[in-house]
2 protein chains.
Amino acid sequence: MKKFNKQASTLLLAAGMGLAATAWSADNLQDVLKARGLSQQDLLAAAKTYVPTGKRDEFVTFSSGGQSGQVIVYGVPSMRILKYIGVFTPEPWQGYGFDENSKNVLKQGRIDGKDITWGDTHHPAVSETNGEYDGQFLFINDKANPRLAVIDLRDFETKQIVVNPIYKSEHGGAFVTTNTEYVIEAAQYPAPLENKKFFPLEEMNEKYRGGVTYWKFDRKEGRIVAKDSFSVELPPYWQDLSDAGKGPSDGWSFTNSFCSERYVGGIEKGRPPYEAGCSAKDTDYLHVINWKKAAEVVKAGKAKQMNGHNLITIETAIKEGLLYLIPEPKSPHGVDVTPDGKFIVVAGKLDTHVSVYSFEKIQAAIKAGKFESKDSYGIPVLGLKDALHTQVSLGLGPLHTQYDSKPCVAYTSLYVDSRVAKWNYCEGKVLDKLSVHYNIGHPMTMEGDSTKPAGKYLVALNKLSIDRFVPVGPLQPQSHQLIDISGDKMQLLYDMPLPLGEPHYAVSIAANKLKPAVRYKVGTDSRTDKPHPGAVRAGEEKTVKKGNKVEVFATLIRSHITPETIEVDVGDEVTIHLTNLERAQDETHGFTVSTYNTHASIEPGKTVSVKFKADKEGVYPYYCTEFCSALHLEMMGYLLVKPKGWKPTKTTLAKGNYTEADYKATVKKVADTQAIIDSVVAYITSVNYKDFPDVVAMVEDAFDQLGKTKGLKEKHEGFAAKKDWENANLWAEQIWQYQVKTADLGLRAKTYLEQNGAKKVK
Amino acid sequence: MKKFNKQASTLLLAAGMGLAATAWSADNLQDVLKARGLSQQDLLAAAKTYVPTGKRDEFVTFSSGGQSGQVIVYGVPSMRILKYIGVFTPEPWQGYGFDENSKNVLKQGRIDGKDITWGDTHHPAVSETNGEYDGQFLFINDKANPRLAVIDLRDFETKQIVVNPIYKSEHGGAFVTTNTEYVIEAAQYPAPLENKKFFPLEEMNEKYRGGVTYWKFDRKEGRIVAKDSFSVELPPYWQDLSDAGKGPSDGWSFTNSFCSERYVGGIEKGRPPYEAGCSAKDTDYLHVINWKKAAEVVKAGKAKQMNGHNLITIETAIKEGLLYLIPEPKSPHGVDVTPDGKFIVVAGKLDTHVSVYSFEKIQAAIKAGKFESKDSYGIPVLGLKDALHTQVSLGLGPLHTQYDSKPCVAYTSLYVDSRVAKWNYCEGKVLDKLSVHYNIGHPMTMEGDSTKPAGKYLVALNKLSIDRFVPVGPLQPQSHQLIDISGDKMQLLYDMPLPLGEPHYAVSIAANKLKPAVRYKVGTDSRTDKPHPGAVRAGEEKTVKKGNKVEVFATLIRSHITPETIEVDVGDEVTIHLTNLERAQDETHGFTVSTYNTHASIEPGKTVSVKFKADKEGVYPYYCTEFCSALHLEMMGYLLVKPKGWKPTKTTLAKGNYTEADYKATVKKVADTQAIIDSVVAYITSVNYKDFPDVVAMVEDAFDQLGKTKGLKEKHEGFAAKKDWENANLWAEQIWQYQVKTADLGLRAKTYLEQNGAKKVK
């Protein structure tokens, strides 16, 4: 510690020499480093990761949210979490699973007719075009309840969930083929494939099976097409991760396995546990599958139907020559095709080696019919030496491999060693090692699964944080460490806690490849991407009652909900369609009805429905749950649930008791505020504001707001003429409400221009 | 931009002069700043916020999770999120709402007999002792479904939820009294207090009411005591935030209001909206309540029972002299008692002023019976000028005020201006203003609600992020900006995106005041803090079947679950009690059964139960969902759901086909691995490892693991003597499994010692 401080002082003493002692001087910087105990290395790491206000991260990481059932989105190098996307678990902020439209997505994920309200997310994958990440779609799997979800990166919303029809668990998914023709999902723990079919463990070898599923993806529709998808049946080896071929190996996929011992544990019966029996043999099997041929086999009608799904049996797969095995050392986790598609790297977690297989050698052996044996199910097994390019000893517990932008450079995580190894897979030599804290699962480089890895950074997805962060109880955060891989030596830059879920794997994409929208076309159901039948335009809001069904077509805009009263009879089924009329970026409104357990998030342009049974009499406020303007607390209304047959006794609202003086004061306030607005407008138009797109958007929004005052002057003057001071005053006040929003936007724009060096124009 | 780079270059040119050009040299730093476009100011801000690996944040912030229904925990100054705590919304990572024990907490939050599966969390409060944060408990409210939750900061878990018995919505809670005698929660939108009672809006003045609830807190039990809690009925003004008195004002509380116009909107009927009608008058009312006297009134039996809850009516409150009103300008949000308890600051969001009330003057007026009027409900109203210390014009949209460690210094957020104002409340003058991005709601200083604010940092809880972060779709993150308040001028340090929910308010406490545990006493139900009846010790695991109820008493330890098979008949109700036998920090295990929609997080020592109906035949894997060791994928078992009346035809498991050679190879592997362990132990004991508590814990854990091999040598040798090579080999393999865990810990400890400057000892 003392040593670090001394180094830092040396640096900063030097730094201080050339500068005056202002509030932000180097003297000050030196004091900060001293006071905070930061070393010279720390300062450099800070400089490499800090993203100042108004600037943006270079890469975006999509991380599995582990047992949270969600996807985590964070920026690199700042490691700031930008969003949790609701995927398998209902999430109220996004209204996910709380509004009717998103409930329809979650319903697709029901299993055996029942809701599954969480997921154990594992492997995210970004859609690819020619093997490069294209930033259009994201896929993520659920290990616990074998499912796969599709997220559209235009709005970062989950659009589809598909249930694997034949597995009881899976782990290795999602992995995409070179042009996202298919999304690959492999089984994990073997079980009978036929749904709800029981066979005892004694019949493991005969009746339990694994497999790999190829989900057909329709990029235009942005949806998986279940009927065009298929699976290849595999022996009851425990399939783990997969990867799709690239370039020369495109058309093939690779899935490894562990517990090819097909061991059955039983501590309670005095048998050694699974952990012993599943790790007893020196090798397991890499499954090598020609998926292009498999797709043809399905097309030719040679697939069997299993639970209504296309299944290529082991027998057919052998007969059609599309399935091969290769021994792989021992209990491997990752199988990773190199960016050039020529090699396949397998890390055996109980072996110190990584094995580099040559696709060319594999093809040659297959072509030559050179097999060392068949497994118990008749699948041809290639000789390890016939397929191997090289093996490299890296250390204890190699798990998974990622690639650099530099040719032949790979990074492999070493779980037991708590290290990352940098090595050369062409020449088979170790280049560098770095300790991490602690026990790394997957490593992940920028665009590292693509044909063109971007290099620069590696993230170590560590499984334990232990002493790294302020303690927050027995359940500790996970930890991701950011590592600089731009030089010869790896350098640790940043420790990031993960606050929710244990992320299993992640993918990073260049931020500039993502082009999400900031608003929807007005009236869009974001979960179907189609016009929402409940959408209405401003002024067309209505409440329709048919029998005991009440349908409300409502709108939201700063700062009122129309209608402001919804009257129903107890027992009515109430559906409220909500359209956000805003055009401005980030002007989201929320909606809830007190104690009726519903919530919606309505972004600009979106229409969404909430539905509930008004099963209790009484008065229930509804309100906008987003702090959308200074008057957001006033953005509310009342749901009135009337007793059956209720008749009013009092039919007029209390008067507000306003005088002409009140009205005149309000009119003066409106004039004063307009003067402020005019002065802000004068400033904005005096500079080159049109060069700043964000300011142009704010100015547009400001004039949108001011435009809403149209007709209100006539209205309050009309009431004033009739000496209706309450209505006169309130409608004048409503002008002021719009003015406040206009002023708010104008001041925001002014600050932006001042801080971003706007220049005077003539 | 160019200008910033030039400044940075100047600094770094100077810095480079005194240093050699190593990989971490200043030259390199200069290159980094240039390449990343960072200014000198940016570098300083980075140095002020960066927390390097192995070091910790100075403060911990508890932020409301907004509509996510959770609490967010993050570190200051790094702004890294450490944890999302499940509170009102089920959260599977924590097993919250997915295991039976936490379901019991969520059940307490049911309203009118129905589950509420989310919350709109608003105001967290840390428990206080003598007005200072003590770090023992955290309270947070739900605006949408008026409820309050208690979180124990020993384990950061939600222990209790109470439902407000008389409100239909609330906003202003939680606020604690000086010694956490009571937790204060005020109503928001008026409604009839009697549950499920309907009155039309025309009877707003007569039948709708607001109120303030004082929840009695039993610190020893760590629970709210509903029967000793009470409310004070208030007029149908829209109550908002509250604060409890301190020092001289201890025993009193202050609650402001807006829409004291008691306006009823109705756009759909041509009436001006709520936003206009609720903001029409120049002043609203500050409610001043003597809660100590109110508690005595309740004790004396003078409270009315309303829905089974103690309610002091307006009439009684007036009669007992415990309720007063003071005018406050206009639609205020925050009411904040100064650290010395002498003043109460109110920010009127539609006025440019903050109003500073003097508690002394208020008391003098009350004592003198000097009232300016009574409101419509007969409550005495003090004159504004009789209560006011001073008023200060700060800018547009003042919302809420926080305090500095420096005497008389306060910070107020200006929503419309998008600024923070620093000002002096004793002398009534403005000191500084800083622009934020964009539209700040609450500001929050370190321990800023206590009698001893810690100064240093302020967080601006901004409502819009707009252009600050990489775009992630129409629904954007919220933004918290960290501001350095240690100098005369405020300085912006850091932009933090909030990825889930719109945090409304937050509290920060010195990290060293938190002393959470890293493990539970073995067999604890963490939700009741009592021994769990389902807990068992190692070796006592069992499955008990009574009728169609199956109860499993299971344990988890790296890397197996005991039992590894659970056999039930279809239709059985299955309860699995899970005890985590680990003692090591961060060795959490998870548990799920495939497709049965259950999940548990079991931290060291915890016992938790999951329950489901085995309503479908078949084979369902269960597994540990945490990556707890290199063999975590093998930490699994099978739930076998047998058809009614099923009888086995095959009763023996397949043999593993192991030879003497396999056994000998395993025995050799065990010996080789022991040699590695011995060498690591030799290193560790050669240095002063006992000076590092984290290493001592790792070494203890390592010997724990190695200790589990006891008796296994005799076991495998016994099987070998009988030439049972399968069992001999597997039990030897099981020794190796423990060795791998031991080696893992040893290597982790070794790295720690090397990186933290351990010294040789004799």
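Quick notes on the rules
Residues numbered from 1 in each chain as written. Chains lettered and ligands numbered in written order. Predicted model: local features only at pLDDT ≥ 70, side-chain atom pairs only at ≥ 80, totals over all residues. Helix = DSSP H or I, 4+ residues; strand = E, 2+ residues; numbered from the N terminus. Contact = placed C-beta atoms within 7 Å. Pairing = 2+ DSSP bridges. Axes fitted to C-alpha atoms, helices over the stretch in contact; angles between N-to-C directions. Least-squares fit on C-alpha atoms with pLDDT ≥ 70 in both. Core = buried A, V, L, I, M, F, W, Y, C linked by C-beta atoms within 7 Å. Buried ≥ 20, exposed ≤ 12 C-beta atoms within 10 Å, placed from the backbone. Parallel < 35°, antiparallel > 145°, perpendicular 65-115°, else oblique. Left-handed = near helix turned anticlockwise from the far one by under 90°. Nonpolar A, V, L, I, M, F, W, Y, C, P; charged D, E, K, R; others polar. Expected span 1.5 Å × (residues − 1). Arc of directions from axis to C-beta. pLDDT = per-residue confidence, 0-100. Domains from an automatic or database assignment.

**Topic: the overall build of chain A**
Looking only at helices and strands, chain A has 14 helices and 44 strands in total. Projected onto its principal axes, the C-alpha positions of chain A cover 100 × 80 × 50 Å. Once local pairs closer than 6 in sequence are excluded, the contacts in chain A between residues at least 24 apart make up 62%.

**Points about the sheet that holds strand β26 (residues 419–424) of chain A**
Residues and elements named next belong to chain A. Sheet architecture is open: four strands sit in the order β24-β25-β26-β27, paired in antiparallel fashion. The strands lining the two open edges of the sheet, one partner per strand, are β24 (398–403) and β27 (429–435). The mean inter-strand angle of the sheet, taken between neighbouring strand axes irrespective of direction, is 25 degrees. The pairing of β24 with strand β25 (residues 409–414) spans four bridges and is antiparallel. Residue Tyr 403 lies in a different strand from β25, and its bridge partner there is Ala 410.

**Notes on the relation of the copies chain A and chain B**
The transformation that overlays chain A on chain B combines an axial shift of 0.0 Å with a rotation of 180 degrees, and the residual RMSD is 0.0 Å. The relationship between the two copies is best expressed as a two-fold rotation axis.

**Topic: the nonpolar core**
Nonpolar side chains tend toward joint burial in soluble globular proteins. Of all hydrophobic cores here, the largest spans 457 residues; its most connected members are A:Ala47, A:Phe139, B:Ala47, B:Phe139 and B:Ala294. When residues no more than four places from it in sequence are discounted, the contact partners of A:Phe139 are A:Pro124, A:Ala125, A:Leu148, A:Ala149, A:Val150, A:Ala174, A:Val176 and A:Val183.

**Side note on the packing of helix α13 (residues 712–721) of chain A against helix α14 (residues 725–755) of chain A**
Residue and element names in this part refer to chain A. Across the interface, α13 lies against α14 with an axial gap of 7 Å and an inter-helix angle of 160 degrees. By the angle between their directions, the pair α13 and α14 is classed as roughly antiparallel. Taken as a pair, α13 and α14 cross one another with a handedness that is left-handed. On α14, the residues that touch Leu 712, Lys 713, Lys 715, His 716, Phe 719 and Ala 720 of α13 are Asn 727, Ala 728, Trp 731, Ala 732, Gln 734 and Ile 735.

**Thoughts on the interface of chain A and chain B**
Each side of the interface is counted separately: chain A has 200 residues, and chain B has 199 residues. When the residues that make up the side of chain A that touches chain B are grouped by side-chain class, the tally is 99 nonpolar, 57 polar and 44 charged.

**Details of the packing of helix α12 (residues 693–707) of chain A against α14(A)**
Residues and elements named next belong to chain A. One way to put it is that α12 packs onto α14 with a least axis distance of 8 Å and a crossing angle of 165 degrees. When the axis of α12 is compared with that of α14, the two are roughly antiparallel. Considering how the two elements wind past one another, α12 and α14 form a crossing that is left-handed. Within the contact between the two elements, α12 uses Asp 694, Val 695, Met 698, Val 699, Asp 701, Ala 702, Gln 705 and Leu 706 and α14 uses Tyr 738, Lys 741, Thr 742, Leu 745, Gly 746, Arg 748, Ala 749, Tyr 752 and Leu 753. A class-by-class count of the residues in the contact of α12 with α14 yields ten nonpolar, three polar and four charged.

**Looking at helix α12 (residues 693–707) of chain B**
Residues and elements named next belong to chain B. The terminal C-alpha atoms of α12 lie 21 Å apart, and with 15 residues this matches the ideal 21 Å at 1.5 Å per residue to within 8%. Listed as buried for α12 are Val 695, Met 698, Asp 701, Ala 702, Gln 705 and Leu 706. Looking down the long axis of α12, one finds its buried residues gathered within 140 degrees of arc, a one-sided arrangement. Along α12, exposed side chains directed more than 90 degrees from the buried face belong to Pro 693 and Gly 707. Buried residues along α12 sit against α14 (725–755).

**Here we look at the confidence of the model for chain A**
For chain A, mean pLDDT is 94; residues scoring 70 or higher make up 96% of the total. Counting contacts from residues 1–24 of chain A, a segment whose pLDDT is below 50, to residues more than four positions away or on other chains yields 54 contacts.

**Remarks on the sheet that holds strand β24 (residues 398–403) of chain B**
Residues and elements named next belong to chain B. Strand order in this open sheet of four strands is β24-β25-β26-β27, and the pairing throughout is antiparallel. Among the strands making up the open sheet, the edge pair consists of β24 and β27 (429–435). Across the sheet, the mean angle separating the axes of adjacent strands is 25 degrees when strand polarity is ignored. Pairing between strand β26 (residues 419–424) and β27: six bridges, direction antiparallel. Note that in β27 the partner of Lys 422 across the bridge is Asp 432.

**So, the domain arrangement of chain A**
Taken domain by domain, chain A consists of domain 1 (2–49), domain 2 (59–85 + 119–513), domain 3 (524–642) and domain 4 (660–755). Summarising the inter-unit geometry, the C-alpha centres of domain 2 of chain A and domain 4 of chain A are found 57 Å apart.

**Observations concerning the pairing of strand β13 (residues 252–258) of chain B**
Residues and elements named next belong to chain B. Of all seven residues making up β13, seven are buried, and the element is well covered by its neighbours. Side chains Trp 252, Phe 254, Asn 256 and Phe 258 project from β13 onto one buried face, and the interleaved Ser 253, Thr 255 and Ser 257 project onto a second face that is buried too. Taken together, the five bridges between strand β12 (residues 238–244) and β13 define a ladder with antiparallel strand orientation. From the neighbouring strand, Asp 243 faces β13, where its bridge partner is Phe 254. Judged from the four bridges that link them, β13 and strand β14 (residues 283–290) form a sheet pairing that is antiparallel. By the bridge assignment, Ser 253 is partnered in β14 with Ile 289.

**Details of the environment of A:His504**
All names here are of chain A. With respect to the helices and strands, His 504 occurs in the loop between β31 (491–498) and β32 (506–510). We classify His 504 as buried; it has 26 C-beta atoms within 10 Å. Linking His 504 and Thr 338, residues 166 residues apart in sequence, is a C-alpha distance of 21 Å. Here His 504 is in contact with Ser 64, Gly 66, His 122, His 123, Gly 441 and His 442, once residues within four sequence places are set aside.

**A few points about the environment of B:Thr158**
Residue and element names in this part refer to chain B. Locating Thr 158 in the fold gives a position in strand β7 (residues 157–163). For Thr 158, a count of 26 C-beta atoms within 10 Å puts it in the buried group. The spacing of Thr 158 and Lys 429 is 271 residues in sequence and 43 Å in space, taken between C-alpha atoms. When sequence neighbours within four positions are dropped, the list of residues in contact with Thr 158 reads Ile 85, Gly 86, Val 87, Val 105, Ala 149 and Ile 151.

**What about the pairing of strand β4 (residues 125–129) of chain B?**
Looking down a regular strand, the side chains alternate between one sheet face and the other. Within β4(B), four of the five residues are buried, which leaves the element mostly enclosed by the surrounding structure. Here β4(B) folds back onto strand β5 (residues 132–142) of chain B, and the loop between the two strands holds two residues, one of which, B:Asn130, carries a positive phi near 50 degrees.

**Brief notes about unusual backbone geometry**
Residue and element names in this part refer to chain A. Looking along the chain, the bond that leaves His 437 and enters Tyr 438 is cis, with omega of -10 degrees. Assignment of secondary structure puts Tyr 438 in the loop between β27 and β28 (440–446). In this chain, Arg 558 is followed by Ser 559 through a cis amide linkage whose omega measures -10 degrees. Among the structural elements, Ser 559 can be located in the loop between β36 (549–557) and β37 (560–562). For Asp 112, which is not glycine, the phi torsion reads 50 degrees and is therefore positive. Topologically, Asp 112 is positioned in the loop between α4 (100–107) and β4 (125–129). The partly exposed category is assigned to Asp 112, around which 13 C-beta atoms lie within 10 Å.

**Focus: the environment of B:His389**
If you trace the backbone, B:His389 turns up in strand β23 (residues 388–393). Not counting chain neighbours up to four residues away, the residues in contact with B:His389 comprise B:Phe343, B:Val356, B:Tyr357 and B:Ser358.

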